[in-house]
Every structure is written in structure tokens, then in C-alpha cells.
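Spelled out from the first residue to the last, the chains are:
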Amino acid sequence: MASYSTSELRSGNKVMVDGDPCAVLDNEHVKPGKGQAFNRIKLRNLKSGRVWERTFKSGESLEAADVMDTDMEYLYTDGEFYHFMLTDGSFEQHGADANAVGETSKWLKEQETYVVTLYNGAPLAVTPPNFIELEVTETDPGLKGDTANGGSKPAILSTGAMVRVPLFINIGEVLRVDTRTGEYVSRATGK
Amino acid sequence: MYNKQIWQPTADLTTLQYRAKVFHKIRAFFYEREVLEVDTPCLSLGSISDPHIEVLSTQIKTLGKHVTYYLQTSPEYAMKRLLASGAPSIYQLGKVFRAEEIGRRHSIEFTMLEWYRLGFDHWQLMNEIDDLLSVLTNDVIISERLSYQDAFLRHVGLDPFSASLLDLQQCCHQHTEYGLEEMDRDTLLELLFTTLIEPQIGQNQPCFIHSYPASQAALAKQQIESSGARTAARFELYWRGMELANGYFELTDAKEQQQRLQEDMAQRAEHHKMWRQVDERLIRALEKGLPDCAGVALGVDRLLMLLLKETHIDAVIPFAGAHA
């Protein structure tokens, strides 16, 4: 198995710490005036999502985690697993459980592409695209002509996600939403 | 790392003007005090013994032979060779190089101000550093002085000299999740210092930490405290979380210096660190006689960061990081 030296770890590297796969968020080099150098490393446990800091001697090595980010298309859910298919033409399918999908479940749309993080070959996490276009299924009737005013109202989207939208939006319209903040961006164009 | 698109400087023009003004004030300060400016070589055939500092080197071919030159990590050895040859108090403002990780407070090439005062001890030198900082800040700087032991008692809650190895290991582990298997007292103490003490001290006025454990003496004389404990006549200056300077009441005993160099080299070998030619000409100079003196090295780029409230060292250096 490959390994990383603690002094060369960069944000984004995946390593094993205490038996769990972790993503490196930050690596601060700590060097006392005279003496041993250390690396203070901020990690996200990819299983629990917990973020914490660990200190290592510079040059110590950490085992690389067998973690891979892959592009997959969402197919369907059978109630227990969410099924995805690799977009590389292999048609290889993977079932992710609710734990792996987590909050992303409210952004799951058929035929959309997601980043599925595989750990030892099994889905560990699912990340939606930063922006996604979804249809409004429920909201109060739109106010005609009110395109400039600042007010907002709640709307339910086809995936079940709730976002706040401007007053002029109607049921059936397709919206562009930022999945990182859960905020309305604009009406979808060209579709 | 090289990218032909990245041609711009990392520091803006206002910063560079300020930097030049600080250089000028430093030179004027020492000129007034009749401290002689010297410029010892950046490239030397011998290097330092410090077990934890990695050195850059370069090879050239001359007269049919391959020769290794080491880039200076500090001009300390060369300046002491000058002092042993009869030089008066001297200072140097120039570039030094360390093969360290690049970061917010680290650049492989940085500017160091180093000076030696004949007839001074480390207490007098601390006063002079306050004088210099006062000039550079246009303010009255009177740094706090805190012994290494008191800093630990106050901010860590244990005595660095009498705590057992187990106490140190457990305390270190509690705060950093590191240390239960670390057998080296100094490594544990240093990690505790950087984790628990450094962020607390020198938040308003700068703070001198002095009287280090004898095992961390480096090139300082040892002294006996009133408590009977042996400590190093060494100090470090901290200001707003930044380590700014390291100074000694200089060791003048050639035999003891020789022994410390050998211990350092043995430690390097034990940890499989790369061999380098340690400059034993320092020992010859000490045998000839180094007058009693105190010396200090101060990181000028870090000082500029503090004065300009910059958070990254690259912002005070004309071309740093990927721009160099």
C-alpha cells in the first residue's frame, strides 16, 4: 500500500488514521526555533464526517487510504440502496446506503452525475454537483409582474428539497440551485 | 512549481518601500552604535551541526575536482571566526537559506539580522533588542521577560525540569494526541511549548523566554540558577505568536563546543539524516579565543510581517514561493 510522508501531505490527500479513511483538510508545519519539526494536520473522517486535528512528527509516514472519487450517474432507489452507474462506459453499478448518501439524498435526480467516493471498492460518500437544475412541484402561486421585489417564499422541488425562491416562481418551472448552500440561483435557461 | 505565467512580485510596492526603510533604519541604528557591518559568504565549505536544520548545498567543478558548497543557514560560525580574529562588535543583514517546508511563516530563503556584542551578556543584549524594536516601531518597546520554567508553570501547569517523562508524555498526548511513545524529553517539551505557550505569550509587548534547559543550549553558555538547576544562557523572542529571534551568551569553551558538535553529528547519524561537512573551523577559532560576547539572530521578514500586519511571509518578500 502506498504511503505519504506527513511533511508532504496536502489538502485533498486521503490517509488512514486510527483505522478510518480520512481526507486531509490542512497541514500546518510547526517548527520550534531549535528542535524537531511537527505537522499539525486537520482531517475529516470520511466515515463519520468528524473534523479533528492530529500532530505528527515531520517525516513520519501515514498509509494512503484506498479512496477514489468516481463520476457516477444516479439510477434509482429501491428503498434501501441508492443505485449509481459509472459514467466511464463500463456500466458498472454500485449501491450506496443511506449513510453514504447522507444529506445528498435531497439532491438526487435521475441521469444526473454525482461524485461517488469509493473506499475499498464500496461507496463511502456521495457529493452532488455544485449546481443542479430541478423542477418546482409545490409552491404558492406566483405573483405576476413581481420580478424585482425582494420577497421570497418556500418551494418544494422534485427531489423533495425545500428552497426559498422569489415570489414570481410558479409550479412546473425549472430552477438552478446551489447544492452547497441550498439556495436558489436563477431560473434554468434553455431547457 | 515553475510556471511561465507567474512573473509578478509577491510583495506590493508600498511594502517594498517600507522594507527598504526598515533596512535603512537597522543600518543607521548599528552605525550610530559603532557596530561594524560585515558580509560573510553565502556559500561555505563547512556547515552547521544542528540536528534539526536541513541545509541546501550545491556542487561545482573547479581545477578538475568536485567541490560541495553549503548555503549558510545563519552567518554564526563565520561571524564568530571574525570575532576570534580580533573583529569588534559586528552585525550582518543578509540572506540565509534553509531546506525547510515552505509555509505561512517559512520561506527557504529569508533575511536575517544577526549581531554580536563584545562584553555584553544576554541580558544586556535583550535591552539592545528592545532599543532596536523601539526605533523600528517608533514606539517604546519594553519586552516581557519570562523564564522557560515560569512559562511552563503558568501555561502548561508542570515544571519542565522536574516533571517525569511519563508526565510529559501524558500532558503532550492530552493536548496533541502525540507523545505516548516519545522518549525524548526535549521533543515533548518543544511540542508543548509550541502548542500551549507560543500562542499565549507576547500578545501585546514582545516576550523574551530565557534560561532554557541545558539540553537545549545549542551554542550558548550554561549557567547555574539560584535553585541549583543548570540552564542555558539562551533566549528566544516571541511576538504575537511568532518566533522572532534566538540569542545566546555565547559559548567560548572550545572543548565543550567540540563535544556538542560531536553529539549533534551522532544524533544526525542516529536518525539517518544526510551527512554534511560540519565546519570545525569554529572550534579552531574558539581555541584561538572568542572574547566574551552575546549574539542574536532575528528574522527580518517575520518582523516585517508583524509591523505590516501581514499573515503570509510571501507578502513581504519581493519574489517568494512559486514566484521566486
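Calculation criteria
Residues numbered from 1 in each chain as written. Chains lettered and ligands numbered in written order. Predicted model: local features only at pLDDT ≥ 70, side-chain atom pairs only at ≥ 80, totals over all residues. Helix = DSSP H or I, 4+ residues; strand = E, 2+ residues; numbered from the N terminus. Rg over C-alpha atoms; globule rule 2.2 N^0.38 Å. Contact = placed C-beta atoms within 7 Å. Buried ≥ 20, exposed ≤ 12 C-beta atoms within 10 Å, placed from the backbone. Nonpolar A, V, L, I, M, F, W, Y, C, P; charged D, E, K, R; others polar. UniProt positions renumbered as here; feature names shortened; annotations may be inferred. Core = buried A, V, L, I, M, F, W, Y, C linked by C-beta atoms within 7 Å. Axes fitted to C-alpha atoms, helices over the stretch in contact; angles between N-to-C directions. Left-handed = near helix turned anticlockwise from the far one by under 90°. Domains from an automatic or database assignment. Expected span 1.5 Å × (residues − 1). Parallel < 35°, antiparallel > 145°, perpendicular 65-115°, else oblique. Pairing = 2+ DSSP bridges.

## Quick look at the overall build of chain B
At step 1: Check the secondary structure of chain B and you find nine helices and 12 strands.
At step 2: For a compact globule of 324 residues, the expected C-alpha radius of gyration is about 20 Å, and chain B comes in at 20 Å, within 12% of that figure.
At step 3: Reported as C-alpha extents along the three principal axes, the dimensions of chain B are approximately 50 × 45 × 45 Å.
At step 4: If you take every contact in chain B between residues at least 6 apart in sequence, the share linking residues at least 24 apart comes to 67%.

## Some details on unusual backbone geometry
Residues and elements named next belong to chain B.
At step 1: Of note in this structure, glutamate 34 is not a glycine but carries a positive phi near 55°.
At step 2: Structurally, the position occupied by glutamate 34 is in the loop between helix H1 (13-32) and strand S1 (36-37).
At step 3: Residue classification places glutamate 34 among the exposed positions, given that 8 C-beta atoms sit within 10 Å.
At step 4: Phi at lysine 309 takes a positive value of approximately 55°, unusual for a residue other than glycine.
At step 5: Considering the arrangement of structural elements, one finds lysine 309 in the segment after helix H9 (300-308).

## Some points on the interface of chain A and chain B
At step 1: The interface is formed by 14 residues belonging to chain A together with 20 residues belonging to chain B.
At step 2: Where the side of chain A that touches chain B is concerned, the elements lending two or more residues are strand S3 (20-30) and strand S5 (51-57) of chain A.
At step 3: Within the side of chain A that touches chain B, the residues separate by chemical class into five nonpolar, six polar and three charged.

## A closer look at the UniProt feature "modified residue: N6-(3,6-diaminohexanoyl)-5-hydroxylysine" (unreviewed entry) in chain A
At step 1: UniProt records the feature "modified residue: N6-(3,6-diaminohexanoyl)-5-hydroxylysine" (unreviewed entry) at Lys34 of chain A, using the numbering of this structure.
At step 2: Relative to the elements of secondary structure, lysine 34 of chain A occurs in the loop between S3 and strand S4 (38-45).

## Observations concerning the nonpolar core
At step 1: Leu113, Ile129, Leu192, Ile209, Ala220, Leu237 and Leu298 of chain B are the most contacted members of the largest nonpolar core, which has 91 residues in total.
At step 2: When near neighbours in sequence (up to four residues on either side) are disregarded, leucine 298 of chain B contacts Met112, Leu113, Leu244, Ala245 and Leu303 of chain B.
At step 3: One finds Tyr114, Val116, Ile132 and Val163 of chain A within the second-largest nonpolar core, a separate group that totals 23 residues.

## Observations regarding the UniProt feature "domain: Translation elongation factor P/YeiP central" (unreviewed entry) in chain A
At step 1: UniProt records the feature "domain: Translation elongation factor P/YeiP central" (unreviewed entry) at residues 69-124 of chain A, using the numbering of this structure.
At step 2: Across residues 69-124 of chain A, the secondary structure splits into 7% helix and 50% strand, with the terminal C-alpha atoms separated by 10 Å.

## Some thoughts on the packing of helix H5 (residues 165-176) of chain B against helix H6 (residues 185-197) of chain B
All names here are of chain B.
At step 1: Where H5 meets H6, the axes come as close as 10 Å, and the angle between the chain directions of the two elements is 35°. Every pair of crossing elements has a handedness; the one defined by H5 and H6 is left-handed. Of the residues in H6, those touching H5 at Leu165, Leu168, Gln169, Cys171, Cys172, His175 and Thr176 are Arg185, Leu188, Leu189, Leu191, Leu192, Thr195 and Leu196.
At step 2: Within the contact of H5 with H6, the residues separate by chemical class into nine nonpolar, four polar and one charged.

## Some thoughts on the domain arrangement of chain A
All names here are of chain A.
At step 1: As far as domains go, chain A holds domain 1 (3-63), domain 2 (67-127) and domain 3 (131-187).
At step 2: Each of domain 1 and domain 2 has a C-alpha centre, and the two are 28 Å apart.
At step 3: Tallying the contact residues gives four residues for domain 1 and five residues for domain 2.
At step 4: Broken down by class, the residue content of the side of domain 1 that touches domain 2 amounts to two nonpolar, no polar and two charged.

## Here we look at H5 of chain B
At step 1: Between its first and last C-alpha atoms H5 of chain B spans 16 Å; for 12 residues at 1.5 Å apiece the expected length is 16 Å, and the two agree.
At step 2: Looking at the buried side of H5 of chain B, the elements it contacts are S5 of chain A together with H6 of chain B.
At step 3: Glutamate 177 of chain B sits one or two residues past H5 of chain B and shows a positive phi near 60°.

## Re the packing of helix H2 (residues 76-84) of chain B against helix H8 (residues 281-289) of chain B
Residue and element names in this part refer to chain B.
At step 1: Contact geometry of H2 with H8 gives a least axis separation of 9 Å together with a crossing angle of 25°. The angle between H2 and H8 places the two elements in the roughly parallel class. Here H2 and H8 pass one another in a crossing that is left-handed. Mapping the contact onto sequence places Tyr77, Lys80, Arg81 and Ala84 in H2 and Arg281, Leu282, Ala285, Leu286, Lys288 and Gly289 in H8.

## Remarks on the sheet that holds strand S11 (residues 122-127) of chain A
Residue and element names in this part refer to chain A.
At step 1: Spatially, five strands are ordered S9-S8-S7-S10-S11 in an open sheet, and the strand pairing comes out antiparallel. Single-partner strands in this sheet number two, and they are strand S9 (93-96) and S11. The mean inter-strand angle of the sheet, taken between neighbouring strand axes irrespective of direction, is 45°.
At step 2: As judged from the seven bridges shared by strand S7 (residues 67-77) and strand S10 (residues 113-119), these two strands associate in the antiparallel manner. Bridge assignment links valine 67 to a residue of S10, and that residue is tyrosine 119.

## Regarding the pairing of strand S12 (residues 293-299) of chain B
Remember that side chains alternate between the two faces of the sheet whenever the strand is regular.
All names here are of chain B.
At step 1: The element S12 is extensively covered by neighbouring structure, given that seven of its seven residues are classed as buried.
At step 2: Residues Cys293, Gly295, Ala297 and Gly299 line one face of S12 and the alternating positions Ala294, Val296 and Leu298 line the opposite face, and both faces are buried.
At step 3: Sheet analysis places strand S6 (residues 109-118) next to S12, joined by seven bridges and oriented antiparallel. Each bridged residue has a counterpart across the sheet, and for methionine 112 the counterpart in S12 is glycine 299.
At step 4: Of the strand pairs in this sheet, strand S11 (residues 242-249) and S12 are connected by five bridges, and their pairing is antiparallel.

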